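The chain contents come next:
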Amino acid sequence: PELASSLMGAFAGDSAFVLGDVIGSNIANLTLVLGGALLFGTIAVRKHIFKSSLVMLIVSITFLLFCIDGVVFWFEGLIMVLFFIFYLFYLNKPEELQEKTKVTSYLNQFYHLRGFVVFENYKLFFKKLFSFSTYINVFKRFFKLKTTTSRIDYIKQEIEEDPFVDSIVLLIGIGIIYLGAKATVLGAIDLANLFGITTNFISLTIVALGTSLPELVVSLTAMRKGLGDILLGNLIGSNISNILLVGGLSALVLPLEVLSTTLLFTLPFMLGITFFIILLLKVFKKLTLFHGLILLMFYIIFLGLIVYIVL
């Protein structure tokens, strides 16, 4: 959602909307979403999560440095996108290569790409494309409301679903996100014009809150199932993706002009919250209700200051 809405904003020529969405979503993830999830239980802090949070900090500082001259240029966007690709390589590194650092040694492991040159795969593709049962399964997938397991083992078990059906569902989902993003941007611009406020304010608050709803749903589900690692990983990964992928691709479309409010308040606030989260992960072995209330308080303060600045 952040990527779709921000790219729409970039194509519409509204860089304030893009930066507001990226920064607002990151702040909402670390305060509102994490704080809200902690109202329903505690989260154990593990070493690999702390390491990921340091990556989030480095990415946030880099983004601030790119913004400090007042514009995020296309080449800076390209650097962020390349950094994001490298980050994906790192996350997907096979266990036997964890200690190796040469990128070439990892690229050689892409054996699964050989499937693209197997003729039988294309025959199967077209057979499924024109099969009525495929679309019946797609319909069923959309209305499949319950998962078959609630344990962490579902990650490791063999999934007996049709990957072709998953691909169609994914494409339909992308189309729906596109339409939703377009409606979001047009609605935000209309609201800004109606009330005489900036699109930056709308994107920092309403749009950022809306695009953070998936993270909130995943976080609450993870808390209900006792999967704190997934919750923290989801939020940290989302923030890294927002800056590197969303911000980077948007900068490739449009040079992002940084408002003084962004440079002097919202960006430092995002960086401060990031530091605070890292401090919590370093000092405490568990995040509790008390920490959640503090994070929610920070979000309320953020909204109050934004309204004060605008009014």
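Residues numbered from 1 in each chain as written. Predicted model: local features only at pLDDT ≥ 70, side-chain atom pairs only at ≥ 80, totals over all residues. Heavy atoms only, no water.

## With respect to the overall build of the protein chain
On a plain count of helices and strands, the protein chain comes out with 13 helices and four strands. In the protein chain, buried positions account for 41% of the 311 residues. Partitioning the intrachain contacts of the protein chain with sequence separation of at least 6 by distance along the chain shows that 80% fall at a separation of at least 24. (Helix = DSSP H or I, 4+ residues; strand = E, 2+ residues; numbered from the N terminus. Buried < 20%, exposed > 50% of the residue type's maximum accessible area, 1.4 Å probe, protein only. Contact = heavy atoms within 4.5 Å.)

## With respect to the confidence of the model for the protein chain
Low pLDDT marks stretches whose predicted atomic positions should not be read closely. In the predicted model, the protein chain carries a mean pLDDT of 80, and the fraction of residues at 70 or more is 82%. Low confidence marks residues 96-102, where pLDDT is under 50. Its contacts with residues over four positions away, or in another chain, come to seven contacts. (pLDDT = per-residue confidence, 0-100.)

## Describing the side chain of Ser238
Mapped onto the elements of the fold, Ser238 is located in helix α11 (residues 228-253). Ignoring any residue separated from it by four or fewer positions in sequence, one finds Ser238 in contact with Asn26, Asn29 and Glu215.

## Notes on the side chain of Ser212
Relative to the helices and strands, Ser212 resides in the loop between α9 (199-211) and α10 (213-224). For Ser212, the side chain forms a polar contact with the side chain of Asn29, separated by 3.4 Å. One polar contact links the side chain of Ser212 to the main-chain carbonyl oxygen of Ala208, over a distance of 2.9 Å. (Polar contact = N/O pair within 3.5 Å; in protein donor to acceptor, adjacent residues only side chain to side chain.)

## Some remarks on the packing of helix α1 (residues 2-11) against α11
Angle between the axes and distance between the axes: these two values describe a pair of packed helices. Between α1 and α11, the shortest axis-to-axis distance is 9 Å and the interhelical angle comes to 20°. By the criterion of interaxial angle, the relationship of α1 to α11 is roughly parallel. α11 is crossed by α1, and the crossing has right-handed handedness. Contacts between α1 and α11 involve Glu2, Leu3, Ser6, Leu7, Ala10 and Phe11 from the former and Asn242, Leu245, Val246, Leu249, Ser250 and Val253 from the latter. Here the residues of the contact of α1 with α11 sort into eight nonpolar, three polar and one charged. (Axes fitted to C-alpha atoms, helices over the stretch in contact; angles between N-to-C directions. Parallel < 35°, antiparallel > 145°, perpendicular 65-115°, else oblique. Left-handed = near helix turned anticlockwise from the far one by under 90°. Nonpolar A, V, L, I, M, F, W, Y, C, P; charged D, E, K, R; others polar.)

## Here we look at helix α3 (residues 47-67)
Here α3 is 21 residues long and its end C-alpha atoms lie 31 Å apart, about the 30 Å a rise of 1.5 Å per residue gives. Turning to α3, its buried residues number three or more, namely Ile49, Phe50, Ser53, Met56, Leu57, Val59, Ser60, Phe63, Leu64, Phe66 and Cys67. As for α3, its buried residues are in contact with α2 (15-38), β2 (71-72), α4 (74-91), α11 and α12 (260-283). (Expected span 1.5 Å × (residues − 1).)

## Re the environment of Thr261
Here Thr261 shows up in helix α12. Each C-alpha atom of the pair Thr261 and Asn200 lies 9.5 Å from the other, and the pair is 61 residues apart in sequence.

## Here's the deal with the packing of aromatic side chains
What the rule picks out here adds up to seven aromatic pairs. Considering the side-chain rings of Phe265 and Phe269, the 5.8 Å spacing of their centres and the 55° angle between planes classify their relative orientation as tilted. Separated by four residues within a single helix, Phe265 and Phe269 lie in helix α12, roughly one turn from each other. Judged by relative accessible area, which is 14%, Phe269 ranks as buried. When the centroid spacing of 5.2 Å and the interplanar angle of 75° are considered together, the rings of Phe276 and Phe298 count as edge-to-face. Here Phe298 lies in helix α13 (residues 289-310) and Phe276 lies in helix α12, a separation of 22 residues in the sequence. (Phe/Tyr/Trp six-rings, centres within 6.5 Å; stacked < 30°, edge-to-face > 60°.)

## Considerations on the packing of α9 against α10
Running from N to C, α9 and α10 point in directions that differ by 45°, and their axes come no closer than 4 Å. In terms of their interaxial angle, α9 and α10 are classed as oblique. Between α9 and α10, the contacting residues are Leu209, Gly210 and Thr211 on the first element and Leu213, Pro214 and Glu215 on the second. Looking at the contact of α9 with α10 residue by residue, the classes come out as three nonpolar, two polar and one charged.

## Things to note about a nonpolar patch on the surface
There is a patch of nonpolar side chains on the surface, built from Phe73, Trp74, Phe75, Leu78, Ile79, Leu82, Ile85 and Leu252 and spanning about 730 Å² of accessible area. A per-element tally of the nonpolar patch places α4 first, with six residues. Relative to the assigned elements, Trp74 resides in helix α4. Taking relative accessible area as the criterion, Trp74 reaches 53% and is therefore assigned exposed. (Patch = residues over 30% accessible without salt bridge, like charges linked within 9 Å, V, L, I, M, F, W, Y side chains within 5 Å. Areas by Shrake-Rupley, 256 points an atom, 1.4 Å probe, with all protein chains shown as cover. Salt bridge = Lys/Arg side-chain N within 4 Å of Asp/Glu carboxyl O.)

## Some words on the environment of Gly180
You can see Gly180 is positioned in helix α8 (residues 163-195). C-alpha separation for the pair Gly180 and Ser5, spaced 175 residues apart in sequence, amounts to 8.1 Å.

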